[in-house]
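Single-letter residue listing:
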Amino acid sequence: MILEVAELEKRFFLHRLAREVVAFRGLSFQLAPGAFLLLAGPNGAGKSSLLRCLYRTYRPTAGRIRYRSLRGWLELAAAPDRLVLALRREELGYVSQFLDPRPRQTALEVVAEPLLWQGVEESVARRRAAEMLEAVGLRPELWAAYPTPVAGGARQKVNLARSLIRPYRLLLLDEPSASLDQEARAALRAWLGRLKQEGTAMIGIFHHPEDVAGLVDATLFLEGPYVAEPSAPGAAG
Amino acid sequence: MTSPYEEAPLLRLEGVRQGYGAREVLRGVSLELYPGEVLGVVGESGSGKSTLLRVLYLELPAEGRYTLGQPGLEGLNLLALDPYRRLEVRQRHLALVRQHAHEALRMGFSSLANVAEPLLLLGERRYGQAATRALAALEEADFPTERADEPPRVLSGGLRQRVQLARAIAARPAVLLLDEPTTGLDLLVQARVLDTLRALKGRLGLSMILVSHDLGVVRALADRILVLLEGEVVEAGLADQVLEDPQHPYTQDLVQARL
Ligand SMILES: Nc1ncnc2c1ncn2[C@@H]1O[C@H](COP(=O)(O)OP(=O)(O)OP(=O)(O)O)[C@@H](O)[C@H]1O
Ligand SMILES: Nc1ncnc2c1ncn2[C@@H]1O[C@H](COP(=O)(O)OP(=O)(O)OP(=O)(O)O)[C@@H](O)[C@H]1O
Ligand SMILES: [Mg+2]
Ligand SMILES: [Mg+2]
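Everything numeric in this text was worked out from a predicted model, so none of it was measured.

**A few points about the interface of chain B and chain A**
With 25 residues of chain B at the contact, the number on the chain A side is 24 residues. Of the roughly 2,200 Å² buried between chain B and chain A on both sides combined, carbon and sulfur atoms contribute 51%. Our count for the chain B to chain A interface comes out at six salt bridges. Among the ionic pairs, Arg82(A) bridges to Glu7(B), the shortest N-O distance being 2.8 Å. Of all the secondary-structure elements, those providing two or more residues to the side of chain B that touches chain A are α6 (187-204), β9 (232-238), α8 (239-244) and α9 (249-258) of chain B. Tallied by class, the residues present in the side of chain B that touches chain A amount to nine nonpolar, six polar and ten charged.

Encoded structure:
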């Protein structure tokens, strides 16, 4: 196994509204290297929140996330921030539907950046970035453009190319194909297949089954949405 | 829990208190800065952000413990040093970019001289050598070097900040402290200064503590964020976590106010 999640729960305490929102609770599952887990469930069931807890953008409120990193087994739910940053740099990936705004960086620079962080030489990084952009089907005339003001589909290709340019041990995918055209979705599907063969474990949210055809090893249904609950007395601060 | 991850901080503050007269402005602040990272500090006006930076710059006395993991300084509480040693540590290891350039620069001297000055203070004997290094620093700060002979007095706000930045990085400080480096600049200029800071982070691997009341500025640069409220740290975490899953009511308000 590479990941063992037990009784994981995420609640949000909205202090001003004196309200508690349960994103999900009581989730347990395991994942082997190279395995692909599909998350399914209605809107608001907590699918994105689960991925974000695994990436530690959200702080889980209960439960355990045992992760076998290159450094050995560790408890992600309670790992120190600095360790999480190192894992994100080295082995943990998260691809969402959206590219963080990156003003005044060209598509090629945006894609090459993760390689530069890893110490890859600039000319090599740019060449591999160009290969990635080609693989996801971004028109070459956009390579030197700033992706942020560019239309959704093209921007998402840049985002994907950036996310997939380096290997991961565990890759979290939050509707990465949502705004892509047919060609790009097929390219993504092929790319994920290659990662899977290389042993990358993946957890993903996809709305079109054909985007992950032949990849899925198991499906986890999240049943929410959970009803909002009033906070316990005193919890509103 | 034991972690397979051990890392020594570059800078550590423990329980630091500082007050102006009877009023306590920092009420037991602890924080750590690790090599190559940017720590963002946010909080409303008057929360003590500038005071914290001035303590870190060894410009204000304070109670508590302040250590730097630099050769020769290990285990030394910098807050307990005599003024002379303190100045020495500041000059050799620290740099501060202030909110108002006129507090940091000699407005009537040339920009080049402003940047060369700390190099000369640090023992560079040959003026020509100092000038060459100063010019290189101005270039790193994206300052148009053909204007290096002009004094900050005649420069725009954005260019003044670049002179400050060049002066701050010229001697390669261990820690770069930034106090609202883009506040008061118009948006485009602000964005360009942020670009420069991001490039410096990447290229030089500088370790920085960045103070701002603007969450956007902090989000653009910080790896981790610390939230200061009335002189106390009420929240600290990964930058995306603090902004997207804020825990403390005050942080929730702060994030909400931005949307
Ligand atoms: N940062 C947040 N702060 C407060 N509540 C949140 C936050 N993120 C998610 N939630 C709440 O948690 C619940 C689960 O949301 P989540 O986005 O995880 O669902 P989802 O399954 O991904 O839905 P969708 O299919 O619409 O993307 C929702 O009630 C949502 O409002
Ligand atoms: N030299 C001083 N003498 C007396 N009081 C001071 C002095 N400098 C700051 N203070 C007070 O200390 C408190 C914290 O000030 P500080 O400048 O550190 O806040 P800040 O968070 O940087 O605020 P801002 O966002 O407005 O820059 C304020 O109440 C301020 O009035
Ligand atoms: Mg979602
Ligand atoms: Mg201030």
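Moving on from the model shown.
**Concerning the site of ligand 2**
Residues and elements named next belong to chain B. Around ligand 2, the surrounding shell consists of Tyr20, Arg23, Val25, Glu44, Ser45, Gly46, Ser47, Gly48, Lys49, Ser50 and Thr51. The separation between an oxygen atom of ligand 2 and a polar side-chain atom of Ser50 is 2.8 Å. Within the side chain of Thr51, one N or O atom sits 2.5 Å away from an oxygen atom of ligand 2. Within the complex, the protein chains bury 61% of what would otherwise be the 630 Å² of accessible surface of ligand 2. Where the shell around ligand 2 is concerned, the elements lending two or more residues are β2 (23-33) and α1 (49-56). Top element by residues in the shell around ligand 2 is α1. It accounts for three residues.

**Here we look at the domain arrangement of chain B**
Quoted interface sizes are often the accessible area lost when the parts come together. All names here are of chain B. Looking at the assigned domains, one finds that chain B contains domain 1 (4-81 + 175-258) and domain 2 (102-173). Centre-to-centre separation of domain 1 and domain 2, based on C-alpha positions: 25 Å. Taken residue by residue, the interface counts 15 residues in domain 1 and twelve residues in domain 2. When the two sides are added together, the surface that domain 1 and domain 2 hide from each other amounts to roughly 1,000 Å², 69% of it contributed by carbon and sulfur. Across the domain 1-domain 2 interface, the total number found is zero salt bridges. Applying the counting rule to domain 1 against domain 2 returns four residue pairs in polar contact (both at pLDDT 80 or more). Put simply, the parts of the chain that give the side of domain 1 that touches domain 2 at least two residues each are β6 (175-179) and α6.

**Examining the packing of aromatic side chains**
All names here are of chain A. Taken as a whole and assessed by the stated rule, the structure comprises three aromatic pairs over all chains. Relative to Tyr94, the ring of Tyr55 lies with its centre 5.1 Å away and its plane at 25°, an arrangement referred to as stacked. Of this pair, Tyr55 sits in helix α1 (residues 47-55) while Tyr94 is found in strand β6 (residues 92-95), placing the two residues 39 residues apart along the sequence. Overall, the relative accessible area of 13% leaves Tyr55 in the buried class. Above the ring of Phe12, the side-chain terminus of Lys10 is found at 4.7 Å from the ring centroid.

What counts, and at which threshold
- Residues numbered from 1 in each chain as written.
- Chains lettered and ligands numbered in written order.
- Predicted model: local features only at pLDDT ≥ 70, side-chain atom pairs only at ≥ 80, totals over all residues.
- Heavy atoms only, no water.
- Contact = heavy atoms within 4.5 Å.
- Buried area = accessible area lost by both parts, 1.4 Å probe.
- Salt bridge = Lys/Arg side-chain N within 4 Å of Asp/Glu carboxyl O.
- Helix = DSSP H or I, 4+ residues; strand = E, 2+ residues; numbered from the N terminus.
- Nonpolar A, V, L, I, M, F, W, Y, C, P; charged D, E, K, R; others polar.
- Near = heavy atom within 4 Å.
- Polar contact = N/O pair within 3.5 Å; in protein donor to acceptor, adjacent residues only side chain to side chain.
- Areas by Shrake-Rupley, 256 points an atom, 1.4 Å probe, with all protein chains shown as cover.
- Domains from an automatic or database assignment.
- Phe/Tyr/Trp six-rings, centres within 6.5 Å; stacked < 30°, edge-to-face > 60°.
- Buried < 20%, exposed > 50% of the residue type's maximum accessible area, 1.4 Å probe, protein only.
- Lys NZ or Arg CZ within 6 Å of the ring centre and 35° of its normal.

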